[in-house]
Every structure is written in structure tokens, then in C-alpha cells.
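Residues per chain, in single letters:
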Amino acid sequence: MSGEADNLKILVVDDQELFRIGLSVTLNKVDGVSIIGECGDGQAAVRMCQSLNPDVVLMDLAMPVMNGIDATQEIKKTQPHIRIIMLTTHESDEDVFAALGAGADAYCLKTIDTSELAVVLKTVANGAAWLDPAIARRVLRNVQPAPTKSGNQSVGLVTNLSPRELEVLGLVVEGLSNQEMAQKLFVSNDTIKSHMRHIMEKLLVSDRTQAAVKALKMGLISPP
């Protein structure tokens, strides 16, 4: 988190001006959160990320000029450290998986309470993935474990991940941050980071969200 004095720098991206302004005014009242910019399309979001370097982007999905999925992909190419939360009314499986595939770190519906959104902002900024509960249930129903020739699920991956790595992966799926995992497992943050690096290498993914989704898909971890 790069915001000064633990103050999260947030960029709000939504083509509905009234919603964008209202959200910005509301979040600016939250302790530890600062809205540093807002815009109405994905292309402007890419430019503003380059100039403002926010900690977290609240990104709408359907927008003119460039949609939120394409914008997310562009931002992650050059600034992978920026955390992106999709905040949208769209909840189709296609949209959810496209957003996660583009690198989104969280997927929220606009029906979320402001207080809960503030918690999600801080959780995601600290490295955790997050899915709206309604979205998570649908993702879990539609992501079926991939069968193997032996009839077992992901035998190679199960044996390749250590018991501790599987434990850490389970906590990632539950939405815990690195710091929360370290406290729960009585280890240092550096140890958790090392476990996460090994997990991502073994699962052939580039971030925590992809690791969580792949773990559920492959049947490595049970749904929370």
C-alpha cells in the first residue's frame, strides 16, 4: 500500500456521473480512504493510473470508449501493483470470469453497503482477493473440478503443494490478507509471502485471485 500515512488512494471509474460523485463523497468520509480522482471511461482510467498511481481502482464494467475489463487488463500490464475492484451491476458468469481473467482483484455488486465496501477496499489493498457472496456462490456452482485419467482431482498438484501451502491457500480462498494469515498461523509476513510465491509458481498463476479460483476449480480447496 503506497498511500501516505496508511491513507488509501482511490480512483473511481464509472460512466454514471451521479453515482461516481456520490460514491466519491461517501468514501471520502471513511477513515483511511482518500479519493484522488474520478473518470467516466476505461481509457481515461488507464491514463489516470499512470499519472496518479492509485492504490486501488473502483472500476465499472460497461463503459464507453473502453470497458472496465479491457482497462483492467491494460492497467495490470504496466502497473500490476494497483489493486482493481470491479464495482458493477453486471453479474453474468461471462462477465465475472472475464474480469478475473483480466486481473481484477475483487468483484462487487453495486448493491454493496458503503461500510462493507470500505472493508473490501482495505482488505483488497492488503493483498486479499474478494468476491461478492452472491457471485462467489455462482462461481463455485459453475466451476467444476477437472477430472483426470485416474479419476482423481488434480493429483499432481495435490502432491506438489505442501500441507502448509494448502493451508495458506485455504486462507486465501477465505479472503484473509497476508497479515491476517501471518497472525493466524503464528509466522512472519515474509514467511506468508514466501508461501504465496511458491503457491503461485506451482499453480502457474500470477496473482492471489487466480490462485484462489484455480484452487477451487481443481478441487484443491473446499469452498469457505
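Quick look at the structure, then. Just so you know, these numbers come straight off a predicted model, no measurement behind them. (Residues numbered from 1 in each chain as written. Predicted model: local features only at pLDDT ≥ 70, side-chain atom pairs only at ≥ 80, totals over all residues. Heavy atoms only, no water.)

**A look at the layout of surface pockets**
Estimates place the volume of the largest pocket at around 660 Å³. Lining the largest pocket are 26 residues, with Pro80, His81, Arg83, Gly127 and Arg208 sitting closest to its centre. Counting only elements with at least two residues in the lining of the largest pocket, the list comes to α4 (93–102), α9 (178–185), α10 (189–203) and α11 (208–217). Among the elements that take part in the lining of the largest pocket, α10 stands out by supplying five residues, more than any other. (1 Å grid on protein atoms, 1.4 Å probe; cavity = no way out; pocket = protein on both sides within 12 Å on 5 of 7 lines; lining within 4 Å. Points joined across faces, edges and corners; volume = space filled by probe spheres on them. Helix = DSSP H or I, 4+ residues; strand = E, 2+ residues; numbered from the N terminus.)

**As for the sheet that holds strand β4 (residues 83–88)**
Spatial strand order, β2-β1-β3-β4-β5-β6: six strands in an open sheet with parallel pairing. The strands lining the two open edges of the sheet, one partner per strand, are β2 (33–39) and β6 (130–131). Taken together, the four bridges between strand β3 (residues 56–59) and β4 define a ladder with parallel strand orientation. If you follow Met59 over to β4, its bridge partner there is Met86. Across the sheet, helix α1 (residues 17–27) is in contact with β1 (8–13), β2, β3 and β4; its angle to β2 comes to roughly 165°. Along the sheet face, helix α5 (residues 114–125) touches β1, β2, β3, β4, β5 (106–109) and β6 and points at about 155° away from the line of β4. (Pairing = 2+ DSSP bridges. Contact = heavy atoms within 4.5 Å. Axes fitted to C-alpha atoms, helices over the stretch in contact; angles between N-to-C directions.)

**Examining the packing of helix α8 (residues 163–173) against α9**
Direction vectors running N to C along α8 and α9 enclose 130°, while the axes themselves pass 10 Å from each other. With respect to their mutual orientation, α8 and α9 come out oblique. Of the two elements, α8 crosses α9, and the hand of that crossing is right-handed. Contact residues: Arg164, Glu167, Val168, Leu171 and Val172 in α8; Met181, Lys184 and Leu185 in α9. Class assignment for the residues of the contact of α8 with α9 results in five nonpolar, no polar and three charged. (Parallel < 35°, antiparallel > 145°, perpendicular 65-115°, else oblique. Left-handed = near helix turned anticlockwise from the far one by under 90°. Nonpolar A, V, L, I, M, F, W, Y, C, P; charged D, E, K, R; others polar.)

**What about the state of the cysteines?**
If you walk through the whole model with that rule in mind, you get zero disulfides. Residue Cys49 stays outside any disulfide, its sulfur separated by 7.8 Å from that of Cys39, the closest cysteine. Given a relative accessible area of 0%, Cys49 falls into the buried group. (Disulfide = S-S within 2.5 Å. Buried < 20%, exposed > 50% of the residue type's maximum accessible area, 1.4 Å probe, protein only.)

**Points about helix α3 (residues 68–78)**
Along α3, the positions that sit buried rather than exposed are Gly68, Ile69, Ala71, Thr72, Ile75 and Lys76. Axial view of α3: buried residues confined to an arc of 160°, hence all on one face. When the buried face of α3 is taken as reference, the exposed residues oriented beyond 90 degrees from it are Lys77 and Thr78. Those residues of α3 hidden inside the fold are in contact with α2 (42–52), β3, β4 and α4. By the N-cap criterion, in which a side-chain oxygen at the helix start approaches the backbone nitrogen of a residue two or three places on, α3 is capped by Asn67, the distance to Ile69 being 3.0 Å. (Arc of directions from axis to C-beta. Polar contact = N/O pair within 3.5 Å; in protein donor to acceptor, adjacent residues only side chain to side chain.)

**Focus: unusual backbone geometry**
Backbone geometry places Asn53, a non-glycine residue, at a positive phi of 50°. Within the secondary structure layout, Asn53 lies in the loop between α2 and β3. For Asn53, a relative accessible area of 27% corresponds to the partly exposed category. For Val65, which is not glycine, the phi dihedral falls at a positive 70°.

**Here's the deal with the packing of α8 against α10**
Running from amino to carboxyl end, α8 crosses α10 at an angle of 95°, the nearest separation of the two axes being 10 Å. By the angle between their directions, the pair α8 and α10 is classed as roughly perpendicular. Contacts between α8 and α10 pair Arg164, Glu165, Val168, Leu169 and Val172 from the former with Ile192, His195, Met196, His198, Ile199, Lys202 and Leu203 from the latter. Partitioned by chemical class, the residues of the contact of α8 with α10 number seven nonpolar, two polar and three charged.

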